[in-house]
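This is what each chain is made of:
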Amino acid sequence: MTHPADDKRALFQRVVDDIIDQIRTGTLHGGDALPTARKMAESHGVASMTAQRALRELQNLGLTYAVVGKGTFVHPLATDRIGTNGRPDPTRGGTAAMADDPDLNRRVAQFLLKQNEIAGRVVDAMMAKDVHGMNVAAQELADLNTAHQDLAEDIAKYKANAGIDPADAAPAAPEPAKTRRARKPTK
């Protein structure tokens, strides 16, 4: 990608801005994998170190998260975190961007992705009128919420330490879903 000669932005910032534009326009969605630093460097015509700096900056802005050995992914709340001026706004998007705690940010992103995946299975089972499949997926959702109760507590601690009003942000981990009991067969 070429940029005008009079563009005064740093090279890494140009890459960051391009990724932000792709998120804002819907080219990239939550959970999408970003190219490796090497591929990003080739496509943007920058050095590999410049692309790596851009990837770090996107993570610091709370728009991406990295999984060791897997790559860098768009955060599920990235679209919500981009302000009206096209720049990341850490006060938007349900939970505040936890840029100063990348591990917590990654954990929230992984939880939300898994939650969305299971919720999709609940919907698919509902559409297929598959009561058993719906109950199984609903139980998985309840189990996920129970298993990640510590995540909700860690987010609450983070917000308290950061001075974020809990009323201003939606909780990351909703109440566990109630499972339906299977009907007893009639004779």
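Within each chain, residue numbers correspond to sequence positions counted from 1 in written order. Thresholds applied to this predicted model are a pLDDT of at least 70 for local features of residues and 80 or more for the giving and counting of side-chain atom pairs; totals over whole chains, interfaces and linings are not thresholded and use all residues. Values reported for side chains reflect all heavy atoms of the structure, with hydrogen atoms and water molecules removed beforehand.

Asks: Any chance you could explain the pattern of salt bridges here in plain terms?
Replies: Where side chains of opposite charge bring their charged atoms close, a pairing between them can arise. Within this document, salt bridges are pairs made up of a side-chain nitrogen of Lys or Arg and a carboxyl oxygen of Asp or Glu, the two lying within 4 Å of each other. Counting across every chain of the model gives 6 salt bridges. Across the salt bridge formed by Asp17 and Arg9, the nearest N and O atoms sit 2.6 Å from each other. Taking the relative accessible area as the measure of exposure, Asp17 reaches 14% and is therefore buried. Where salt bridges share partners, they join Arg107, Asp150 and Asp154 into one cluster. Three labels apply to residues, based on accessible area from a 1.4 Å probe with only protein chains included: buried if under 20% of the type maximum, exposed if over 50%, partly exposed otherwise in between.

Asks: Looking at this structure, I do not really get the pairing of strand β1 (residues 64-67). What am I missing?
Replies: Taken residue by residue, a regular strand's side chains alternate between the two faces of the sheet. Two elements, β1 and strand β2 (residues 71-74), share 4 bridges in a ladder whose sense is antiparallel. Looking at β2, one finds that Val67 is bridged to Gly71. The loop that links β1 with its antiparallel partner β2 comprises 3 residues; one of these, Gly69, has a positive phi angle of about 85°. Between any two strands, pairing holds if DSSP finds at least two bridges. A helix here means a DSSP run of H or I that spans at least four residues, while a strand means a run of E at least two residues long, and both kinds are numbered starting from the N terminus.

Asks: Looking at this model, I keep getting lost on the nonpolar core. Mind explaining?
Replies: The nonpolar side chains of a soluble globular protein tend to be buried with one another. We define a nonpolar core as any set of buried Ala, Val, Leu, Ile, Met, Phe, Trp, Tyr and Cys residues linked to one another through side-chain atoms lying within 4.5 Å. Among the nonpolar cores identified, the biggest contains 20 residues, and Ile19, Ile23, Leu34, Met40, Leu58 and Leu63 are the most heavily contacted of them. Residue assignment for this core shows that the elements contributing at least two residues are α1 (11-24), α2 (37-44) and α3 (48-60). It is α1 that contributes the most residues to this core, 6 residues altogether. When residues no more than four places from it in sequence are discounted, the contact partners of Leu58 are Val16, Ile19, Ile20, Leu34, Leu63 and Thr64. One finds Val108, Phe111, Ile118 and Ile155 within the second-largest nonpolar core, a separate group that totals 11 residues. Contact between two residues is taken to exist if any of their heavy atoms lie within 4.5 Å; hydrogens are not considered.

Asks: Just to check I follow, could you spell out the environment of Ile20 for this structure?
Replies: Within the secondary structure, Ile20 is located in helix α1. Using a relative accessible area of 0% as the deciding quantity, one classes Ile20 as buried. Considering only alpha carbons, one finds Ile20 and Leu63, 43 residues apart in sequence, at a separation of 8.2 Å.

Asks: Even after reading the chapter, I still don't get α2, so can you show me in this structure?
Replies: Residues separated by three or four positions in an α-helix point in the same direction, a consequence of the helix having 3.6 residues per turn. Within α2 the residues assigned to the buried category are Ala37, Met40, Ala41 and His44. Mapping the buried residues of α2 onto a view down its axis gives an arc of 100°, with all of them on the same face. Exposed and facing more than 90 degrees away from the buried side of α2 are Arg38, Lys39 and Glu42. Phi turns positive one or two residues past the end of α2, at Gly45, with a value near 70°. In this description, one arc is meant: the one made by directions from the helix axis to the C-beta atoms.

Asks: Sorry if this is basic, but what is going on with unusual backbone geometry here?
Replies: As a rule of thumb, non-glycine residues mostly have phi less than zero, and peptide bonds are mostly trans rather than cis. Look at Lys129: it is not a glycine, yet its phi comes out positive at around 55°. Inspection of the secondary structure puts Lys129 in the loop between α5 (102-127) and α6 (131-147).

Asks: What exactly am I supposed to notice about α6 here?
Replies: For a helix, the expected span equals 1.5 Å multiplied by the number of residues minus one. Over its 17 residues, α6 extends 24 Å from the first C-alpha to the last, a length consistent with the 24 Å expected when each residue adds 1.5 Å. The complete set of buried residues in α6 reads Met134, Asn135, Ala137, Ala138, Leu141, Ala142, Leu144 and Asn145.

Asks: Sorry if this is basic, but what is going on with the packing of α5 against α6 here?
Replies: Packed helices, taken two at a time, are described by the angle between their axes plus the distance between the axes. Lines fitted to the C-alpha atoms define the axes, with helices restricted to the stretch that makes contact. Angles between their N-to-C directions range from 0 to 180 degrees. Direction vectors running N to C along α5 and α6 enclose 160°, while the axes themselves pass 8 Å from each other. Between α5 and α6, the crossing angle belongs to the class labelled roughly antiparallel. Note that α5 runs across α6; the crossing there is left-handed. Of the residues in α6, those in contact with Phe111, Lys114, Gln115, Ile118, Arg121, Val122, Ala125 and Met126 of α5 are Gly133, Met134, Ala137, Ala138, Glu140, Leu141, Leu144 and Asn145. Tallied by class, the residues present in the contact of α5 with α6 amount to 10 nonpolar, 3 polar and 3 charged. Orientation categories follow fixed angle ranges, with anything under 35 degrees roughly parallel, anything over 145 roughly antiparallel, 65 to 115 roughly perpendicular, and all other angles oblique. Take the far helix as the reference: if the near one is turned anticlockwise from it by less than a right angle, the crossing is left-handed, and if turned clockwise, right-handed. Residue classes follow a fixed rule: Ala, Val, Leu, Ile, Met, Phe, Trp, Tyr, Cys and Pro count as nonpolar, while Asp, Glu, Lys and Arg count as charged, and any other residue, Gly among them, counts as polar.

Asks: Can you walk me through the confidence of the model for the chain in this structure?
Replies: Predicted coordinates in regions of low pLDDT should not be interpreted in detail. Think of pLDDT as the predictor's per-residue confidence, scored from 0 to 100. Looking at the chain as a whole, its pLDDT mean stands at 77, while 73% of the residues score no less than 70. Contacts from residues 90-96, a stretch scored under 50 in pLDDT, to residues over four places away or in other chains number 20 contacts. Scored below 50 in pLDDT, residues 167-177 makes 24 contacts in the model with residues more than four places away or belonging to other chains.

Asks: What is the right way to read the packing of α2 against α3 from this model?
Replies: Between α2 and α3, the least distance of the axes is 8 Å, while the angle of their chain directions is 110°. It follows from the interaxial angle that α2 and α3 lie roughly perpendicular. You can see that α2 and α3 cross each other, and the crossing is right-handed. Only Ser48, Ala51, Gln52 and Leu55 of α3 make contact with α2, whose side of the interface consists of Ala37, Arg38, Met40 and Ala41. Considered class by class, the residues forming the contact of α2 with α3 number 5 nonpolar, 2 polar and 1 charged.

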